[in-house]
Amino acid sequence: PEKSGPLPQHNENQYDTNGEYSTDHRIELRVIEVKSKSWDSRQSIGSKMWNANKKSIKANHLPNLLDVAFQTLVVRRAFPNFRVTSWLMMPDKAKVWKAPSSDKRIKTD
């Protein structure tokens, strides 16, 4: 097998996912779980994710969260010296996709 190049250097002026200055100078690995199930950004995340008591996650979201949590655990154990962050990506029903302009459409015969 071919050897890959050196690991990328971490930028010391790196900001974390909340826009805060990060003092963690380890290389970041992102676990990105992409789901086809959609959500609606017009509703608050709290009302969609949490039960009324705000102490437990709604059952329909639990499998997605457990899946990304397990994958994150596996990556952290495999790469303990790296900073690992988790992301759950789902299409947003509230957003409209705009088609590219007609001059860029694929022509068919």
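See the structure shown above.
Now for a description of the structure that goes with this document. (Residues numbered from 1 in each chain as written. Predicted model: local features only at pLDDT ≥ 70, side-chain atom pairs only at ≥ 80, totals over all residues. Heavy atoms only, no water.)

Here's the deal with the overall build of the protein
1) Next: Per the secondary structure count, the protein includes 2 helices and 2 strands.
2) Next: The N-to-C order of helical and strand elements in the protein reads β-α-α-β.
3) Next: Out of the 109 residues in the protein, the part that is buried amounts to 15%.
4) Next: The contacts in the protein between residues at least 6 apart in sequence include a share of 62% that link residues at least 24 apart. (Helix = DSSP H or I, 4+ residues; strand = E, 2+ residues; numbered from the N terminus. Buried < 20%, exposed > 50% of the residue type's maximum accessible area, 1.4 Å probe, protein only. Contact = heavy atoms within 4.5 Å.)

Let's talk about the pattern of salt bridges
1) Next: Under the counting rule described, the total for this entry stands at 3 salt bridges.
2) Next: Between Glu-33 and Lys-35 there is a salt bridge; the shortest N-O distance is 3.0 Å.
3) Next: Residue class for Glu-33 comes out buried when judged on its relative accessible area of 10%.
4) Next: The salt bridge partner of Asp-67 is Lys-35, with a shortest N-O separation of 3.2 Å. One end of the pair, Asp-67, is in helix α2 (residues 62-78); the other, Lys-35, is in the loop between β1 (28-34) and α1 (45-49), and 32 residues separate them in sequence. (Salt bridge = Lys/Arg side-chain N within 4 Å of Asp/Glu carboxyl O.)

Points about the side chain of Thr-85
1) Next: Residue placement: Thr-85 occurs in strand β2 (residues 83-89).
2) Next: By relative accessible area, Thr-85 is classed as buried at 13%.
3) Next: Side chain to side chain, Thr-85 and Glu-28 meet in a polar contact 2.7 Å long.
4) Next: What Thr-85 contacts, discounting residues up to four positions off in sequence, is Glu-28, Leu-29, Arg-30 and Val-31. (Polar contact = N/O pair within 3.5 Å; in protein donor to acceptor, adjacent residues only side chain to side chain.)

Let's talk about α2
1) Next: Taking 1.5 Å of rise per residue, the 17 residues of α2 would be expected to cover 24 Å, and the 24 Å separating its terminal C-alpha atoms lies within 8% of that figure.
2) Next: Of all the residues in α2, the buried ones are Asn-64, Val-68 and Thr-72. The arc enclosing the buried residues of α2, seen along the axis, measures out at 65°, which places them on a common side. Opposite the packed face of α2, turned more than 90 degrees from it, sit the exposed residues Pro-63, Leu-66, Phe-70 and Arg-77. (Expected span 1.5 Å × (residues − 1). Arc of directions from axis to C-beta.)

So, the packing of aromatic side chains
1) Next: Applying the stated criterion to the full structure yields 1 aromatic pair.
2) Next: Ring centres of Phe-79 and Phe-82 lie 5.5 Å apart, and the angle between their planes is 80°; on these two criteria the pair is classed as edge-to-face.
3) Next: Among the residues examined, Phe-79 registers a relative accessible area of 40% and is labelled partly exposed. (Phe/Tyr/Trp six-rings, centres within 6.5 Å; stacked < 30°, edge-to-face > 60°.)

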